[in-house]
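Secondary and tertiary structure notes
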Amino acid sequence: MTLEYKNSVINYEVSGKGDALVLLHGFLENLDMWNDFVPEFTKSHTVIQIDLLGHGKTDCLGYIHTMEAMAEAVLAVLNHLDINSAKFIGHSMGGYVALALAELQPNMVSSVCLMNSTFEADDNERKTLRKRAIKMAQTQYESLVRLSFANLFTEESKVTYASDYEKALKLALQTPLQGYIAAQEGMMRRKNRLEILKNLKGKKLIIIGEKDNLIDKSHLMKKIEDTTIDLEVLSEGHMSHIENKSDLSYFLKHFIEN
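Please read all numbers here as calculations on a predicted model, not as lab measurements. (Residues numbered from 1 in each chain as written. Predicted model: local features only at pLDDT ≥ 70, side-chain atom pairs only at ≥ 80, totals over all residues. Heavy atoms only, no water.)

1. Some details on the overall build of the protein
- Per the secondary structure count, the protein includes 12 helices and eight strands.
- Counting the 258 residues in the protein, one finds 52% classified as buried.
- Here the contacts in the protein between residues at least 6 apart in sequence split such that 77% fall between residues at least 24 apart.
- With the model as given, the accessible surface of the protein reaches about 11900 Å², and the carbon-plus-sulfur share is 46%. (Helix = DSSP H or I, 4+ residues; strand = E, 2+ residues; numbered from the N terminus. Buried < 20%, exposed > 50% of the residue type's maximum accessible area, 1.4 Å probe, protein only. Contact = heavy atoms within 4.5 Å. Areas by Shrake-Rupley, 256 points an atom, 1.4 Å probe, with all protein chains shown as cover.)

2. What about the packing of helix α5 (residues 141–150) against helix α7 (residues 162–172)?
- Here α5 crosses α7 at 135°, and the two axes come no closer than 10 Å. When the axis of α5 is compared with that of α7, the two are oblique. Between α5 and α7 lies a crossing whose hand is right-handed. Here Val145, Arg146, Phe149 and Ala150 of α5 lie close against α7, whose contacting residues are Tyr165, Ala168, Leu169 and Ala172.
- Class assignment of the residues belonging to the contact of α5 with α7 gives a composition of seven nonpolar, no polar and one charged. (Axes fitted to C-alpha atoms, helices over the stretch in contact; angles between N-to-C directions. Parallel < 35°, antiparallel > 145°, perpendicular 65-115°, else oblique. Left-handed = near helix turned anticlockwise from the far one by under 90°. Nonpolar A, V, L, I, M, F, W, Y, C, P; charged D, E, K, R; others polar.)

3. Considering empty space enclosed by the protein
- This structure, assessed with the given rule, holds one cavity of 30 Å³ or more.
- Quantified by volume, the largest cavity comes out at close to 40 Å³.
- Tyr96, Leu99, Thr118, Phe119, Glu120, Arg190, Lys191 and Arg193 are the residues that line the largest cavity.
- Tallied by class, the residues present in the lining of the largest cavity amount to three nonpolar, one polar and four charged. (1 Å grid on protein atoms, 1.4 Å probe; cavity = no way out; pocket = protein on both sides within 12 Å on 5 of 7 lines; lining within 4 Å. Points joined across faces, edges and corners; volume = space filled by probe spheres on them.)

4. What about the packing of aromatic side chains?
- Counted by the stated rule, this structure contains seven aromatic pairs.
- Ring centres 5.2 Å apart and planes at 75° place the aromatic pair Tyr250 and Phe251 in the edge-to-face group.
- With relative accessibility at 57%, the residue Tyr250 sits in the exposed group.
- One Lys or Arg, Arg190, reaches over the ring of Tyr96 and ends 3.7 Å from the middle of that ring. (Phe/Tyr/Trp six-rings, centres within 6.5 Å; stacked < 30°, edge-to-face > 60°. Lys NZ or Arg CZ within 6 Å of the ring centre and 35° of its normal.)

5. So, the environment of Leu75
- Here Leu75 is to be found in helix α2 (residues 67–80).
- Given the relative accessible area of 9%, Leu75 is considered buried.
- Considering only alpha carbons, one finds Leu75 and Leu104, 29 residues apart in sequence, at a separation of 9.4 Å.
- Those residues in contact with Leu75 that lie beyond four places of it in its chain are Leu101, Leu104, Gln105 and Met108.

6. Some points on helix α8 (residues 177–189)
- Here α8 is 13 residues long and its end C-alpha atoms lie 19 Å apart, about the 18 Å a rise of 1.5 Å per residue gives.
- By the criterion of burial, α8 is predominantly enclosed, with 10 of the 13 residues buried.
- Of the surrounding elements, those touching the buried residues of α8 are α2, α3 (93–104), α4 (124–137) and α5. (Expected span 1.5 Å × (residues − 1).)

7. Description of unusual backbone geometry
- A positive phi is found at Leu28, a non-glycine position, where the angle reads about 65°.
- Judged by relative accessible area, which is 2%, Leu28 ranks as buried.
- Positioned with a positive phi, Asp226 is a non-glycine residue whose angle comes to about 60°.
- With respect to the secondary-structure elements, Asp226 resides in the loop between α10 (217–223) and β8 (229–234).

In structure tokens, the structure reads:
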């Protein structure tokens, strides 16, 4: 399905019946990343999968896609579907978008799961890496995407899940240059939203990988001490939907049913 939005197109899919569940993919991904989980989720929920700005079949809106701009695009889809409240699961960048949406429309977010994601802003080191990537993207885009994608997996996972890895890489390479740059710029500009997460009334879950080099696990755990934010740590890296599919499915099913 598509929605006309600001002289562009947002691509999304809707399936199932019940309370609304919104699935937001990460950087260099698209809504297809959720396909293995949707059959289970649709047993109890109306599932909405959305291609974020500059990803999948959704158009770009410029060379900076802030998390707020992505959240507004998601809200446009939900308003079009007459959805006033939903549960959200966001992988990596999708988690940043979910929190930006929670700040814009807190009543829309009944519960949220940050999957291999965080509430924190980029530190200076991460911002520097993003700036270098943006510069490199303009002349060596395919090589950069291959390198960026490889860094999301442990070496063992690239072998163990070789077929899934290659399939996901193929999708990543379909991300347009403009979408890559705009998302990097937007993630670099995002702010810390710990207070937004803490103040949400519904269930709040963070799922991270033990071997995920993009998330500082010990720092994150310290930040959520004495809060109502739950945390689950899986055994592998950043791509839990591939590397820890069975365990992830268990925790996500528990999250949406409680």
